[in-house]
Amino acid sequence: MKSRAAYLYLLPILTGLIVFTAGPVLASLGLSFTHYEIGEAPKFIAAANYSELLHSDLFWRVAQNTCYYVVLYVPSSILVSLGLALLIEPRIRGIAFFRTLYFLPVITSIVAAAIIWSWMYNSDVGLLNYLLSFAGISGPKWLQDPHWALPAIAIMSVWKNAGYNMMIFLAGLASIPKDYHEAARLDGSSAWSRFRHITLPLLSPVTFFVLVVTTIGAFQVFEQTFVMTNGGPGISTLTLSYYIWQTAFKFFNLGGASALGYIFFVLVMSVTALQFLIRRRWVFQQ
Amino acid sequence: MRFESICHCEKIEATEGRFNRRSNPLFQPRDCVVRNYSASLRNFFLAMTVVMVGCGDHHSLSPGKIHLKLVHFYLDQKDTWQHDVIDPFQKAHPGIDVEVEAIPFGLYTTKIESAAASGTSLGDVVLIDDWFGQDLFKRNYTIPLDTFYQRDLHDSDFFTQFFTVWRKGNVPSGPLMAMPASGGVTALVYNKDLFDKAGVKYPDSSWTYVDFLEAAKKLTNNATDPAKKIWGILLDDGGFTGVDTYIYSNGGKILSDDKMRSTMMEPTTLAAVQSYVDLVQKEHVAPPPDPSQVLGQQFLFGHAGMMLHIDYAKTELAHATFRWDLTAPPRGSAGLLDRQNGQAFGITRTCSDPDSAWELIKWIVTLPSKQGINDLFFSAMPLYKPLAYSAEFLDGEPKCDRRALIAINNYGHLFTLITPGWQEWRDHGFVPNMQDMLAGRTSVHAGCAAIDKMIDEVLARNRSNP
């Protein structure tokens, strides 16, 4: 009786999970083997969607854009958030203000932030190039130049999300026993040496978690390109998530979008599996 | 209140003033837990019912009357629609009761496509934009209106050049699946202040693209400071708000006449695209494209003298801080070929009383009172001639030379580029490659070849999956 009641309580969330998550995931696998436009019955076309995508120049260009963004964003995001965490870790007077300050972008609306950044990136009247001009640097046409557009989006994303990883790193730093640092300090170890040989290894499980989560998040970049560049200039900022959205909800090619979704899934899974594979080489287990 | 929200058993105890820790469900006997759960479920469903009933725009049905539901996306003009269209219609047709639902434009396409997909409909009479109309017609979402139209209306009263896109298959012989109400064309919008400052005569409908280029050269200044830079022209970078009219008027064609294949690589098209790109790369009278800016932004900020843009731009320019006007686009080697757009009203196939629905549509497109006609369709030209030539429309706000646009119907040729999958080949082929060509990142030949390939791929895929 007790267990039945428990299942009853679980029923709403299980129903939601099955109807809105598991069901669509399985259904989209089936749809990826069909030609399916909204309003028409799906027509089985075997692996034609996959074949067409894999033979499409556009798909490979989009995949390349996405990977380039991940390579730009993930390391810089981790470095910046770790740096910020180290900066604001000491419990000194007023540090809560800075912690809040650095976390503010995380709770700011991504759309609002993207609009503001696109103004700041304006090559003629934007704040960024104005500031660079003081250093005698003629800033690039950030969002107009296909070579700069994706790095510009990555910079904006680092600013937006660094605070989140910073909090995780802060929690990780707090969990490192102070004894290790004290002992090393007594032995005359330098600050860099303590960071290199104590902090980094003991923080590596947290770093691994941040790496995995940030990489998956980076593959999913959408709002920034949607708001700031619409995938342009040319198709230089067209990323997989945006491409899937366009294919599904703008071009109403749901079969193609489902196939893209599964290719995307395999790509993200492969990268995550690779990260887990090489984890043993650098993650310190206490 | 707090006690009531915990559980049914508690409520009884609390009412009797005997609430204690044992009334918490965790401390209840098992049967009471299940009973509590059932009560919670019941309350939940009751609450949901109340919420669902409370949602939505209430419209009480009048007994004995025919009930019609009109759905449109003129959210900001909802009151105008009610006062100037629906109320007078109901007064003139006491047996018909009209409910209106205004859906934000951003949601409209998704909603109507979803309705078409599920075999339901949003209402009895629906507003349709030309760019998604064929998707609905393909699925017979609306019913043919030829019989009604031929019975009650006359071609001579309408600008019938706009009608083809509302016929199934986008061909003149197709059945009329929605009744066109308003139409738009590409216009040449210009900043009068900048023209006066440069001492250039205002453009008019006699202009050719030679005049256009000469004026652009005079309007463009040499300022290096972006805040002071004035460009002669602001170009559309591929979004079909000017570039298509330019190419077609200058002898090029993006699609074959039957819209079955790309014609981007034909010599006349390559030449037309080259001359368009030259405005940026060779003549330096237009800025390179900036995808981070909304199209028209530099014009709106007074940094461009002219812009080829769909005539809906006039509503956005209503609050411009400079004097402006619009006229017909210049004529090229092929004359004036102008891309059309527009909106129409269709009767959905689930409508139980098509005759009454047609009466409503007829009322909307001919609007006997003419009142509000300038606001009803975002200031777009009504296709019913008596309305288009009415003072209410011609002198409506924002004031501009609407006569020049209406006159295009007398000497220009209108075309459309709507094909199955057209948004895909535009967004993934036309726009990015046009941006690359205008920015000088790729040659016209290479850019057009890439567009050509993309258009043919998309059209072929849609042909094989009709």
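Here is what the cut-offs are and how they apply
- Residues numbered from 1 in each chain as written.
- Chains lettered and ligands numbered in written order.
- Predicted model: local features only at pLDDT ≥ 70, side-chain atom pairs only at ≥ 80, totals over all residues.
- Helix = DSSP H or I, 4+ residues; strand = E, 2+ residues; numbered from the N terminus.
- Buried ≥ 20, exposed ≤ 12 C-beta atoms within 10 Å, placed from the backbone.
- Contact = placed C-beta atoms within 7 Å.
- Domains from an automatic or database assignment.
- Nonpolar A, V, L, I, M, F, W, Y, C, P; charged D, E, K, R; others polar.
- Axes fitted to C-alpha atoms, helices over the stretch in contact; angles between N-to-C directions.
- Parallel < 35°, antiparallel > 145°, perpendicular 65-115°, else oblique.
- Left-handed = near helix turned anticlockwise from the far one by under 90°.
- Core = buried A, V, L, I, M, F, W, Y, C linked by C-beta atoms within 7 Å.
- pLDDT = per-residue confidence, 0-100.
- Expected span 1.5 Å × (residues − 1).

### As for the overall build of chain B
(1) Moving on: Scanning chain B for helices and strands turns up 19 helices and ten strands.
(2) Moving on: Among the 466 residues that make up chain B, the fraction classed as buried is 47%.

### Points about the overall build of chain A
(1) Moving on: Helix and strand counts for chain A come out as 13 helices and two strands.
(2) Moving on: Here the C-alpha coordinates of chain A stretch approximately 75 × 70 × 35 Å along the principal axes.
(3) Moving on: Across chain A, every contact between residues at least 6 apart in sequence was considered, and the portion connecting residues at least 24 apart equals 68%.

### Some points on unusual backbone geometry
(1) Moving on: Here the amide bond leading from Gly232 of chain A into Pro233 of chain A is cis, since omega sits at -5°, within 30 degrees of zero.
(2) Moving on: By the secondary structure assignment, Pro233 of chain A is in the loop between α10 (223–228) and α11 (240–250).
(3) Moving on: A cis amide bond links Glu397 of chain B to the next residue, Pro398 of chain B, at an omega of -10°.
(4) Moving on: Of note, Pro398 of chain B is situated in the loop between α16 (391–394) and α17 (402–411).
(5) Moving on: Its identity as a non-glycine residue notwithstanding, Ala46 of chain A has a phi of 55°, on the positive side.
(6) Moving on: Mapped onto the secondary structure, Ala46 of chain A falls in the loop between β2 (43–44) and α2 (48–54).

### Description of the domain arrangement of chain B
Residues and elements named next belong to chain B.
(1) Moving on: Along its sequence, chain B is organised into domain 1 (1–29), domain 2 (66–183 + 341–401) and domain 3 (185–340 + 416–464).
(2) Moving on: Computed over C-alpha atoms only, the centres of domain 2 and domain 3 are separated by 30 Å.
(3) Moving on: In this assembly, 16 residues from domain 2 lie in contact with twelve residues from domain 3.
(4) Moving on: At the level of elements, α5 (130–138) and β8 (337–347) are the ones that each hand at least two residues to the side of domain 2 that touches domain 3.
(5) Moving on: Tallying contributions element by element places α5 first for the side of domain 2 that touches domain 3, with three residues.
(6) Moving on: Among the residues forming the side of domain 2 that touches domain 3, the class breakdown is seven nonpolar, six polar and three charged.

### Concerning the packing of α11 of chain A against helix α12 (residues 254–277) of chain A
Residues and elements named next belong to chain A.
(1) Moving on: Close contact between α11 and α12 brings their axes to 8 Å; oriented N to C, the two are set at 160°. One way to sum up the angle between α11 and α12 is to call them roughly antiparallel. Relative to α12, the crossing made by α11 is left-handed. In this structure, α11 contributes Leu240, Tyr243, Ile244, Thr247 and Ala248 to the contact, and α12 contributes Leu254, Gly256, Ala257, Leu260, Gly261 and Phe264.
(2) Moving on: Residues belonging to the contact of α11 with α12 are distributed by class as follows: eight nonpolar, three polar and no charged.

### Regarding the interface of chain B and chain A
(1) Moving on: In this complex, chain B contributes 27 residues to the contact, which on the side of chain A involves 27 residues.
(2) Moving on: At the level of secondary structure, the elements contributing two or more residues to the side of chain B that touches chain A comprise α2 (30–54), α4 (105–118) and α18 (422–438) of chain B.
(3) Moving on: Top contributing element to the side of chain B that touches chain A by residue count: α18 of chain B, with seven residues.
(4) Moving on: Class assignment of the residues belonging to the side of chain B that touches chain A gives a composition of twelve nonpolar, seven polar and eight charged.

### Some remarks on α5 of chain B
Residues lying three or four places apart along an α-helix face the same way, a consequence of the helix completing one turn every 3.6 residues.
(1) Moving on: The set of residues buried in α5 of chain B consists of Asp130, Gly133, Gln134, Asp135, Leu136 and Phe137 of chain B.
(2) Moving on: Following α5 of chain B by one or two positions, Asn140 of chain B adopts a phi angle in the positive range, close to 50°.

### Description of the nonpolar core
(1) Moving on: The biggest cluster of nonpolar side chains holds 128 residues, and the ones touching the most others in it are Val125, Val189, Ile233, Phe345, Leu360, Ile361 and Ile364 of chain B.
(2) Moving on: A total of eight residues in this core trace back to one element, the largest contributor, which is helix α19 (residues 444–464) of chain B.
(3) Moving on: Leave out the neighbours within four places in its chain, and Ile233 of chain B touches Ala216, Leu279, Val285, Ala286, Ala304, Met306 and Met307 of chain B.
(4) Moving on: Counting residues in hydrophobic clusters, the runner-up holds 49 residues, among them Leu31, Tyr36, Trp142 and Ala154 of chain A.

### Things to note about the packing of helix α9 (residues 191–219) of chain A against α12 of chain A
The relative placement of two packed helices is expressed as an angle between their axes plus a distance between the axes.
Residue and element names in this part refer to chain A.
(1) Moving on: Running from N to C, α9 and α12 cross one another at 165°; their axes reach a closest spacing of 10 Å. By the angle class used here, α9 and α12 are roughly antiparallel. In this structure, α9 meets α12 at a crossing whose hand is right-handed. Together, Leu211, Val212, Thr215, Ile216 and Phe219 of α9 and Val268, Val271, Thr272 and Gln275 of α12 make up the contact between the two elements.
(2) Moving on: For the contact of α9 with α12, the class distribution of residues is six nonpolar, three polar and no charged.

### Describing the environment of Val98 of chain B
All names here are of chain B.
(1) Moving on: You can see Val98 is positioned in strand β2 (residues 96–102).
(2) Moving on: The class of Val98 is buried, set by 25 C-beta atoms lying within 10 Å.
(3) Moving on: Between the C-alpha atom of Val98 and that of Val125, which follows or precedes it by 27 residues, the distance is 10.0 Å.
(4) Moving on: Excluding its chain neighbours within four sequence positions, the residues that come into contact with Val98 are Leu68, Leu70, Ile86, Phe89, Gln90 and Leu360.

### Details of the confidence of the model for chain B
Residue and element names in this part refer to chain B.
(1) Moving on: For chain B, per-residue confidence averages 84 on the pLDDT scale, and residues scoring 70 or more make up 85% of the total.
(2) Moving on: In this model residues 1–58 is a low-confidence stretch, pLDDT under 50, and it forms 34 contacts with partners more than four residues away in sequence or in other chains.
(3) Moving on: Here the predicted complex carries an ipTM of 0.70, next to a pTM of 0.77.

### Points about α12 of chain A
All names here are of chain A.
(1) Moving on: In this model α12 runs 34 Å from its N-terminal to its C-terminal C-alpha over 24 residues, within 8% of the 34 Å that 1.5 Å per residue would give.
(2) Moving on: Taken as a whole, α12 has its buried residues at Leu254, Gly255, Gly256, Ala257, Ser258, Ala259, Leu260 and Gly261.
(3) Moving on: Looking at the buried positions of α12, the neighbouring elements they touch are α1 (2–31), β1 (34–35), α2 and α11.

### Here we look at the environment of Leu267 of chain A
(1) Moving on: Note that Leu267 of chain A resides in helix α12.
(2) Moving on: For Leu267 of chain A and Ala63 of chain A, which are 204 residues apart along the polypeptide, the C-alpha to C-alpha distance reads 9.4 Å.

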